[in-house]
Amino acid sequence: MSSRQELLSLTDSGIYCPPGDFYLDPSKPVDVAVVTHAHSDHAYAGSNKYFVSEKSELLMKMRLGEEAVLETRRYGEEFEINGVIVSFHPAGHVLGSAQIRVEFEGEVWIYTGDFKLTRDPTCEPFEKVECDVLITEATFALPIYRWTPPDELSRQINSWWRSNIDAEKVSVLFAYSLGKSQRILKSVDPSIGPIFTHGAVENLNKAYRESGVHLPETHYVGDIEDKKEFTGGLVIAPPSAAGTSWLRRFGKHSTAFASGWMAVRGARRRRALDRGFVMSDHADWPGLIEAIDASKAKRVLVTHGFVDPLVRWLNESGKEAEPLK
Amino acid sequence: MNLFTNLYLSLDQTNKTNEKVAAMRDYFRKARPEDAAWALYFLSGNKPRQIVPSRRLRELATELAGIPDWMYEECRNTVGDSAETISLLLSEGGNKNDLPFNELVRDHLLPLRGADEEVQKAVIGKFWTDLDRAGIFVLNKLISGAFRVGVSQKLVMRAIAEEFGLPVDIVALRMMGNWEPTAEFFRTLTDANLEDEAPIARPYPFHLAYPIEDDLSKLGSLKDWQIEWKYDGIRCQVIKREGEVFLWSRGEDLINDSFPEIVAAAEELPDGTVLDGEILPFRHGRILQFQDLQKRLNRKKLTDKLLAKIPVILQTYDILESGTEDIRQKPLASRREVLEEIAGVEGTIRITEPLRSASWEKLDELRDESRSHGVEGFMLKRFDSPYRVGRQRGDWWKWKIDPFTVDAVLIYAQKGSGRRANLFTDYTFAVWNDDKLVTFAKAYSGLTDEEIRRVDRFVRDNTRETFGPVRSVEPVQVFEIAFEGIQRSKRHKSGVAVRFPRIHRWREDKKPEEADSIETIHALLEEYEPEANR
């Protein structure tokens with residue numbers, strides 16, 4: 001590239017847009033932040049003003065605090081920040097998650113944030129938006145990562161739950177509390193048995209329900225006094241609860257973790273889990289390649305994850321690509 | 001093969017012994033004998049020779065997946081296992097193949113060895129298309145000769161014994177030695193009504209000892225114990241029946257060919273004799289290093305030169321059969337009397353002389369002399385103990401000398417495999433040579449999972465350079481490395497090779513300049529290397 005200033009580039013505080021003087025997903029307090037989604041590694045508190053997607057508002061408030069100044073925008077709605085045109089487009093990652101489109105002097109950049117192409121009934125499907133330059137994530141950018149289809153995943157989780165009931169064990173399924181947990185709730189068959197949730201999950205369920213996502217009935221674990229009630233149940237808890245005394249209340253139980261990392265046996269066995277379900281809210285390898293092709297970007301900048309393999313793969317396929325700097 | 005694949009996955013997914021036994025019982029109950037025999041063959045650690053080299057498998061996989069070699073390497077480094085990497089790259093989900101396991105192995109896989117490359121490609125490619133991810137994974141393990149699953153032979157025997165209502169030692173006896181994985185064998189193995197008629201080559205299961213855990217006072221009076229040096233050789237059962245001699249190693253390999261002088265000596269034993277002992281490299285009245293013994297094992301053909309350079313003896317310490325009678329249930333003291341009639345204290349087969357000591361304390365002092373005798377501590381055996389089956393607590397103990405230890409600096413790290421895939425768990429350590437660090441040993445084990453995670457983070461945060469899977473790191477972390485033996489080596493920069501190196505402790509209290517120097521190690525070498533090797 002020439003010495004011309006890039007429209008978006010990486011700084012200590014996050015991805016910065018010099019003409020617009022705003023940051024995307026800043027990791028430190030800044031003046032103006034445009035945030036893709038409410039996961040804690042993307043939405044940091046302390047900035048003066050936040051632009052967020054309308055659908056993510058409730059989740060953002062939980063993450064950033066009630067006092068945070070939020071400007072919400074609908075998907076596809078264009079708005080200006082210091083003469084730079086910005087808009088949110090569904091990323092299919094979690095409820096309200098967005099790709100950010102940034103346009104200045106006729107040049108269009110897309111920052112995908114975290115995204116997936118897999119069908120997810122708890123959020124809006126990924127939108128394919130064309131651009132000149134694409135900044136993509138690369139969390140699972142190796143061809144070994146290819147996700148189990150959603151229907152098959154549902155079957156697997158249901159049958160694990162049923163077999164635990166036969167073995168008189170409570171099913172404890174670890175999943176990230178924002179997004180993955182709700183996606184699981186929508187994937188399982190609630191007629192199998194009662195569903196219980198850890199406090200962290202229940203709070204987010206509430207936000208999802210208030211945002212208009214219908215979820216099956218859940219019971220907050222803390223409300224249960226008689227342990228017998230857990231019999232035949234499915235408990236959804238964040239991964240941080242694994243191996244803690246919190247689990248003792250369930251008596252005999254079987255543990256599982258729903259994550260893209262569970263694709264690899266070593267990762268599963270290291271955690272000493274009974275089961276691993278390969279379920280991710282990120283794009284798998286075919287998804288990444290499909291999204292990159294669909295963007296028709298002339299240049300691809302790669303960040304977070306298996307950056308070098310993806311860059312090299314794209315280069316060898318004749319695409320201009322480099323790590324985001 | 002689905003039943004077998006599921007068994008493999010069940011065993012792989014749990015580290016609880018009871019669940020493993022239950023999974024195996026379930027398999028053996030459902031499988032047909034001709035399939036179960038092959039499953040047993042693999043589970044008990046047998047491997048057919050590599051059917052297709054892993055290099056070929058990799059070439060085929062990259063071709064079918066349409067990826068370059070470097071991408072395959074990236075994937076493999078992340079997964080930590082070739083068979084699994086290929087299954088992740090290629091599987092398309094569905095499973096369209098459920099050949100009987102014995103047919104799969106016998107008719108499809110074994111004939112691939114040495115087959116035309118095009119044939120290998122066609123057959124393996126078809127399986128990779130037809131099987132699901134788990135199936136491809138297990139298939140790859142079978143053909144690459146890397147089949148390993150976390151069950152011991154003992155556990156497999158337990159599953160068979162429990163499922164078919166047999167005593168474990170009968171199962172062990174029937175599974176000793178060479179057997180063919182046939183339906184016939186499996187039926188015989190599991191037949192509870194069969195009278196055992198031992199073929200003449202069949203060895204007894206070895207009685208093994210645990211390391212001593214408690215303080216010695218719990219062992220009671222010293223008078224009840226027979227004390228022997230613990231030899232560092234190859235455990236061997238010598239059988240002389242009907243004029244024939246069989247030497248069995250603990251791995252149940254027949255090792256007659258490697259030790260002709262012991263075979264010759266055993267031919268002089270009375271018929272119907274079975275001895276237990278240790279093969280040792282021995283010259284000019286001294287025990288040589290264990291590494292020397294391996295030279296005898298590894299050779300296909302022994303030269304006269306090697307036989308002269310590394311002669312061996314059998315140090316025998318027990319007798320299991322005398323005059324064709326199984327005497328394992330007699331007390332050790334009585335067996336010893338029988339043994340003394342058969343073997344003398346000199347010659348190629350010689351009896352171990354028990355040690356005497358006035359007290360446990362005195363014995364402990366004697367233990368410090370172990371290294372100068374070329375042994376690794378003591379065996380403690382109760383005079384009234386029978387010869388039991390397998391590893392048992394109670395009346396046999398090994399009491400080993402403390403290992404050598406050296407403080408060394410971590411300089412390289414590499415990702416592990418299997419359970420440790422994607423974590424930096426394989427380390428190279430160095431010691432000082434003036435102001436330079438020279439590599440001295442590699443070690444993989446000894447840290448807790450928590451420490452491994454911390455070292456992993458240290459490696460990621462302190463990488464200096466990356467060479468493929470290996471990273472060089474800032475030389476600041478000191479570890480105490482333990483090892484059992486030391487020998488000169490031209491292969492290592494430090495000029496020494498150590499035996500069984502492992503991490504003893506992470507010395508976070510030490511600065512790198514406090515690590516040991518090469519002089520310390522050369523001093524150990526001078527002190528303990530047998531003169532014969534100098």
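Residues numbered from 1 in each chain as written. Chains lettered and ligands numbered in written order. Predicted model: local features only at pLDDT ≥ 70, side-chain atom pairs only at ≥ 80, totals over all residues. Heavy atoms only, no water.

Focus: the overall build of chain B
Move 1: A tally of helices and strands in chain B yields 19 helices and 20 strands.
Move 2: Once the C-alpha set of chain B is aligned to its principal axes, its extents read approximately 70 × 70 × 50 Å.
Move 3: The buried share of chain B, taken over its 534 residues, is 51%.
Move 4: Long-range pairs, those at least 24 residues apart, make up 70% of the contacts in chain B between residues at least 6 apart in sequence.
Move 5: Accessible area for chain B stands at about 25,000 Å²; split by element, carbon and sulfur atoms hold 46% of it.
Move 6: Distance from the positive charge centre (79 side chains) to the negative charge centre (90 side chains) of chain B: 2 Å. (Helix = DSSP H or I, 4+ residues; strand = E, 2+ residues; numbered from the N terminus. Buried < 20%, exposed > 50% of the residue type's maximum accessible area, 1.4 Å probe, protein only. Contact = heavy atoms within 4.5 Å. Areas by Shrake-Rupley, 256 points an atom, 1.4 Å probe, with all protein chains shown as cover. Lys, Arg positive; Asp, Glu negative; His and termini not counted. Charge placed at Lys NZ, Arg CZ, Asp CG, Glu CD.)

Thoughts on the packing of aromatic side chains
All names here are of chain A.
Move 1: Summed over all chains, the structure comprises 37 aromatic pairs over all chains.
Move 2: Here the aromatic rings of Phe 140 and Tyr 145 are separated by 5.0 Å at their centres, their planes lie at 65°, and the arrangement is edge-to-face. No difference in accessibility class separates Phe 140 from Tyr 145, as the two residues are buried.
Move 3: Ring centres of Trp 160 and Phe 277 lie 5.5 Å apart, and the angle between their planes is 70°; on these two criteria the pair is classed as edge-to-face. Of this pair, Trp 160 sits in helix H2 (residues 150-166) while Phe 277 sits in strand E17 (residues 275-277); the two residues are 117 residues apart in sequence, bridging distant segments of the chain. (Phe/Tyr/Trp six-rings, centres within 6.5 Å; stacked < 30°, edge-to-face > 60°.)

Observations concerning the domain arrangement of chain A
Residues and elements named next belong to chain A.
Move 1: Partitioning chain A into domains gives domain 1 (9-144 + 282-323) and domain 2 (150-277).
Move 2: Here domain 1 and domain 2 have C-alpha centroids that lie 29 Å from each other.
Move 3: At the interface, 19 residues of domain 1 touch 17 residues of domain 2.
Move 4: Summing both sides of the interface, domain 1 and domain 2 together bury roughly 1,500 Å²; the carbon and sulfur share of this comes to 75%.
Move 5: Its largest share of buried area at the contact with domain 2, domain 1 owes to Leu 58, Thr 122 and Phe 140, together 30% of the area lost on that side.
Move 6: Counting every contact that joins domain 1 to domain 2 gives 1 salt bridge.
Move 7: Put simply, Arg 119 and Asp 151 hold a salt bridge, and the shortest N to O gap is 3.2 Å.
Move 8: Joining domain 1 to domain 2, the criterion identifies 3 residue pairs in polar contact (both at pLDDT 80 or more). (Domains from an automatic or database assignment. Buried area = accessible area lost by both parts, 1.4 Å probe. Salt bridge = Lys/Arg side-chain N within 4 Å of Asp/Glu carboxyl O. Polar contact = N/O pair within 3.5 Å; in protein donor to acceptor, adjacent residues only side chain to side chain.)

Quick notes on the packing of helix H1 (residues 57-64) of chain A against helix H4 (residues 199-210) of chain A
All names here are of chain A.
Move 1: Direction vectors running N to C along H1 and H4 enclose 150°, while the axes themselves pass 8 Å from each other. Our classification of the angle between H1 and H4 gives roughly antiparallel. Each of Leu 58, Leu 59 and Met 62 in H1 lies in contact with H4, whose residues at this interface are Asn 203, Leu 204, Ala 207, Tyr 208 and Glu 210.
Move 2: Along the lines of polarity and charge, the residues of the contact of H1 with H4 split into 6 nonpolar, 1 polar and 1 charged. (Axes fitted to C-alpha atoms, helices over the stretch in contact; angles between N-to-C directions. Parallel < 35°, antiparallel > 145°, perpendicular 65-115°, else oblique. Nonpolar A, V, L, I, M, F, W, Y, C, P; charged D, E, K, R; others polar.)

Quick notes on the interface of chain A and chain B
Move 1: With 21 residues of chain A at the contact, the number on the chain B side is 31 residues.
Move 2: Between chain A and chain B lies a buried interface of about 2,300 Å² when both sides are counted; carbon and sulfur atoms form 52% of it.
Move 3: The largest share of the area that chain A buries against chain B comes from A:Arg146, A:Arg265 and A:Arg270, three residues that together contribute 30% of it.
Move 4: Taken together, the links from chain A to chain B amount to 3 salt bridges.
Move 5: For B:Asp12, the salt bridge identified is with A:Arg265, shortest N-O distance 2.9 Å.
Move 6: Viewed at the interface, chain B and chain A are joined by 5 residue pairs in polar contact (both at pLDDT 80 or more).
Move 7: Elements that contribute at least two residues to the side of chain A that touches chain B include exactly helix H5 (265-270) and helix H7 (307-316) of chain A.
Move 8: Among the residues forming the side of chain A that touches chain B, the class breakdown is 11 nonpolar, 1 polar and 9 charged.

Notes on the side chain of A:Ser259
Move 1: If you trace the backbone, A:Ser259 turns up in the loop between strand E16 (253-258) and H5.
Move 2: Ignoring anything within four residues of it in the chain, the contact list for A:Ser259 reads A:Lys180, A:Phe277, A:Val278 and A:Met279.

Considering the nonpolar core
Move 1: The biggest cluster of nonpolar side chains holds 119 residues, and the ones touching the most others in it are B:Phe4, B:Met24, B:Leu40, B:Phe101 and B:Trp128.
Move 2: Per-element tally for this core: the top contributor is helix H3 (residues 33-43) of chain B, with 8 residues.
Move 3: When residues no more than four places from it in sequence are discounted, the contact partners of B:Trp128 are B:Leu57, B:Leu60, B:Ala61, B:Leu64, B:Ile86, B:Leu90, B:Ile136, B:Leu139 and B:Asn140.
Move 4: In terms of nonpolar packing, the next biggest core, distinct from the first, is built from 40 residues, A:Ala43, A:Ala175, A:Ile195 and A:Val201 among them. (Core = buried A, V, L, I, M, F, W, Y, C linked by side-chain atoms within 4.5 Å.)

Structural notes on the sheet that holds strand E14 (residues 219-220) of chain A
Residue and element names in this part refer to chain A.
Move 1: Judged by pairing direction, the sheet is parallel, and its 6 strands sit side by side in the order E14-E13-E15-E12-E16-E17 without closing on themselves. Each of the sheet's edge strands pairs with one partner strand only, and the pair in question is E14 and E17.
Move 2: The pairing of strand E12 (residues 170-174) with E16 spans 5 bridges and is parallel. Bridging from a neighbouring strand, Val 170 pairs with His 253 of E16. (Pairing = 2+ DSSP bridges.)

Comments concerning the pairing of strand E8 (residues 84-90) of chain A
Residue and element names in this part refer to chain A.
Move 1: Most of E8 sits out of view: 6 of its 7 residues are buried.
Move 2: Bridging between strand E7 (residues 79-81) and E8 involves 3 bridges; their strand directions are antiparallel. Across the sheet, Ile 81 pairs through a bridge with Val 84, a residue of E8.
Move 3: Linking E7 back to E8 in an antiparallel pair, the connection comprises 2 residues, with Asn 82 at a positive phi of about 50°.
Move 4: Sheet topology places E8 next to strand E9 (residues 98-104); 6 bridges connect them, and they run antiparallel. Counted as the bridge partner of His 89 is Gln 99 from E9.

Some remarks on the packing of helix H6 (residues 285-295) of chain A against H7(A)
Relative orientation and spacing of two packed helices are given, respectively, by the angle between their axes and the distance between those axes.
Residues and elements named next belong to chain A.
Move 1: The contact between H6 and H7 brings their axes to 13 Å, and the two run at 50°. As far as their axial angle goes, H7 and H6 are oblique. For the pair H6 and H7, the crossing hand works out as right-handed. When H6 is examined against H7, the residues Trp 285, Ile 289 and Ile 292 are found in contact with a partner set consisting of Leu 310, Trp 313 and Leu 314. (Left-handed = near helix turned anticlockwise from the far one by under 90°.)

Focus on the domain arrangement of chain B
Move 1: What the domain assignment lists for chain B is domain 1 (2-143), domain 2 (207-400) and domain 3 (404-533).
Move 2: The straight-line distance from the C-alpha centre of domain 1 of chain B to that of domain 2 of chain B is 40 Å.

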